Amino acid sequence: MIIKYPKVYKTGVPEAKEAKNTGNFKTHCANDKMGSKSGFAASGKTEGGIFKKVLKLIDRFQKTIESGGFFYEFLVVDFAGMIIPRTVQAYLRNRDELGHLNYKAGSEEAIRELLTGPSMFIIPMAFLAIARKKIGTASHVKLDTLRNFKNVAESGIKAAKEPNNIVNSFYKGIVKNLYGNNLDTKQNGMLAGAFTKLHDAYTNPDPLKKADGLLNKLIRIFKKPDPQNVEKAKNHLKDLLIKTNTKIGEDKTHGISLADSSKINLFGKNTSAENMVQDCMNYSTDVLNSLVKSDGNRLSVLEKVHEYKEGARKIITTAAVGTVAAFLYYIPHFYKQNKEFPGIDGLTLKSDNSNVKSAGKGVV
Amino acid sequence: MTNISHNSALLKPYADSVSKRIIARTGKIIPQFISDFTEINAKGSMNRFTFMTLAALLLLGGRYYQARNDDEKREVFTRDFSAIATAVYAVPILKKFAGKLISNGGIPIVYDQKVFEDNSASEKSENTDLFARFKHSIDLEKGTQLASYDQLKQWHSVDDASHFKNIKEGFTGFCKNIAETLNGNLSKGFAVLDPVNAHNTLLTLAAKFGIKANKENLDNNTILEIIKKAETASGKAKKEAEPHLNKLMKLFEVKKEPKKESVLNQLLEKASHRKSLTEFSSIISTAFLLGGFLPWFNIWYTRRLYKNKNNENVAYNPDSAKNHVVASKNNIIINNSANIKPQNKAATGNNVSMAEKFNNFQKIVQ
């Protein structure tokens, strides 16, 4: 099959006055019978095409950064924006005077920048990871939120008729705090049920297995929560919260607005639905699970558990920030590999600048 | 319902161990203001104030105190302090204003945090007080915030036109959000979605409901009035308006295909591109300022200082004829050669004469 294309005339040639196909390839191909899906137009080797491709690339790049989370975004910006350009400039510092790259300044700069930025996140993250294993997931919940959860848990314990209902009762209280009088009892119950289902997905790996005794115990010890079940329940809850918010539309008292249907107020503080759900799960799977499994006076157990969790939270955050502070102060010990400051290598008249510091107060 | 076994034999007393009690008591000793200062979120981030305090006092203070010479001390200010202040405050503020500027084009990509807060008391004073408005606009936690891609999707699109029923006030509420909450331009939005037919459809609906409208006066209020009347109509009017209204609603759909990326509507795509460009340009400007300009300026300034210092060292004291003593701040150089012409100490001269002096000085020293 022979594919024919109408001849395209350059603007300005005599034939262009009468020719229909004058101008650039893009407009020509868009107008021809083959339509804009023709090979020439699709290859887009014109200004508009390249611009759109670059725009799509930037769009994809930014979406990848945003979906990666705050730490990922920080790493990309810190590496590309700070560490690499500064290290390059340090290596090139006084190159003309020295006759070669300034390896001392470059290596010091690289070590300094690599240790500074990431350490402000990695150290607290490490502390939180240890706390999760040793203390429990409630250590990831902020202190004021923990205290508010305690109040709701107390009401939940009093309202629950049996231990198995404590979690559901707790979440009814949470939903009441989130939405106030915007929801009726049925809607409140439905949302609380979705929260409880997610709690169960985390804590009960195999809810269909009703066998009692040793077998059940072994299952609970060795089988981790099925991630698919957890993800399913989480997405279902998130969708339900967003639908509820869009249905309500606007309620400033509860931080609900169509400007962002995934945001809501928990205990008066505006937060995203995702963070709120994670906080709730971190609390209920740790503290409420202990309550449900223990016998005796559950209110006094709650008191003891909270004293421990709140105390641990304070210690963890203080230790994490204290460690970051100490590390930041001691970073110079790691990068100061040279006796003299290499930034002025090649700039002083004498070949070595060892007397610079010893010259005393007169030195600029 | 949580499916914990009803078997009471599985219930145990709470294990209140010694270590737990020690941790609880130790935690109580830590004062509240310290735990507020050291609060971190679940991802390990500190709040801005804590970050800035640690950076200023310990990071920069540590570098300053442990600096090897005065040059290094000075560089802590010219390079590091300015970098941290820029990163923590200047860049987010630039991003805010850039986003707001782009949003003024009619397609919103930013929102004001106050839409989530009950600010009826403070709102009045902000409307009249310039300083309060300025303070609000530069407040990084409040004020204008750049939207996320998920938010843009919520504002400018739906998965299916039938989902408008789930929004309060339906399609009217959806458009009201763009026009009133986000300060967008509905006329521009519709023009982007369908440059040929959208305005004509709106005008057709306006004519059906007796609303005086033409292409020039299709502002937000008029469009909202048209859509509200079309949506709340009943009987025959509803039947006549429905096809036109459905046409407008379908413009906002995101076409999903199995195993392929969804095809965004033009408005969402444009908003997405504008947000991406704003953020990308802030990354570039951050890289330019923090990675490019500040270190360059720092190196340039140090070199300039040393150039001036070296020029001073090569100048001669004109008072001494035989022994040309050059007192520099670093070195004492004695020139015994009578052939060298005494030069004006203060003269920095042109480059050629400086080079000659330097060469002569080197010969003497060697």
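The coordinates are above.
Anyway, here's the lowdown on the structure attached to this text.

Rules and cut-offs
- Residues numbered from 1 in each chain as written.
- Chains lettered and ligands numbered in written order.
- Predicted model: local features only at pLDDT ≥ 70, side-chain atom pairs only at ≥ 80, totals over all residues.
- Heavy atoms only, no water.
- Helix = DSSP H or I, 4+ residues; strand = E, 2+ residues; numbered from the N terminus.
- Buried < 20%, exposed > 50% of the residue type's maximum accessible area, 1.4 Å probe, protein only.
- Contact = heavy atoms within 4.5 Å.
- Areas by Shrake-Rupley, 256 points an atom, 1.4 Å probe, with all protein chains shown as cover.
- Buried area = accessible area lost by both parts, 1.4 Å probe.
- Salt bridge = Lys/Arg side-chain N within 4 Å of Asp/Glu carboxyl O.
- Phe/Tyr/Trp six-rings, centres within 6.5 Å; stacked < 30°, edge-to-face > 60°.
- Pairing = 2+ DSSP bridges.

Right, let's get into the overall build of chain B. The helix and strand tally for chain B stands at 14 helices and four strands. Looking at chain B as a whole, 44% of its 366 residues are labelled buried. Here the analysis covers contacts within chain B between residues at least 6 apart in sequence; of these, 63% occur between residues at least 24 apart. On chain B, roughly 20,100 Å² of surface is accessible, and the fraction owed to carbon and sulfur atoms is 57%.

At the interface, 107 residues of chain A touch 103 residues of chain B. For the pair chain A and chain B, the two sides together bury roughly 9,700 Å², of which 57% comes from carbon and sulfur. If you look at where chain A meets chain B, you find eight salt bridges. For Arg303 of chain B, the salt bridge identified is with Glu97 of chain A, shortest N-O distance 2.9 Å.

In the structure shown here, the tally under the stated rule is 26 aromatic pairs over all chains. The interplanar angle of 80° and the centroid separation of 5.7 Å between the aromatic rings of Phe190 of chain B and Phe252 of chain B together place this pair among those described as edge-to-face. Placement of Phe190 of chain B in helix H9 (residues 186–193) and of Phe252 of chain B in the loop between helix H12 (235–250) and helix H13 (266–314) is noted, with a sequence separation of 62 residues between them. For Phe252 of chain B, a relative accessible area of 2% gives the class buried. An angle of 20° between the planes, with centres 6.1 Å apart, marks the rings of Phe297 of chain B and Tyr301 of chain B as stacked. One end of the pair, Phe297 of chain B, and the other, Tyr301 of chain B, are both in helix H13, four residues apart, so they sit about a helical turn from each other. What links up through ring pairs into an aromatic cluster is the set Phe149, Phe170, Tyr171, Phe195, Phe267 and Tyr283 of chain A.

Residues and elements named next belong to chain A. Scanning the entire structure with this criterion turns up 25 salt bridges over all chains. With a closest N to O distance of 3.4 Å, Lys63 and Asp59 form a salt bridge. One end of the pair is Lys63 and the other is Asp59, both in helix H3 (residues 47–68) and four residues apart, which spans about a single turn. We classify Asp59 as buried; its relative accessible area is 7%.

Our next topic: the pairing of strand S2 (residues 269–272) of chain A. All names here are of chain A. Where strand S1 (residues 263–266) meets S2, four bridges bridge the pair, whose relative direction is antiparallel. In the strand pairing of S2, Asn265 is matched with Asn270. Linking two consecutive strands that pair antiparallel, namely S1 and S2, is a turn of two residues; a positive phi of about 55° is found at Phe267 within it.

Purely geometric stuff here, so don't read any function into it on its own.
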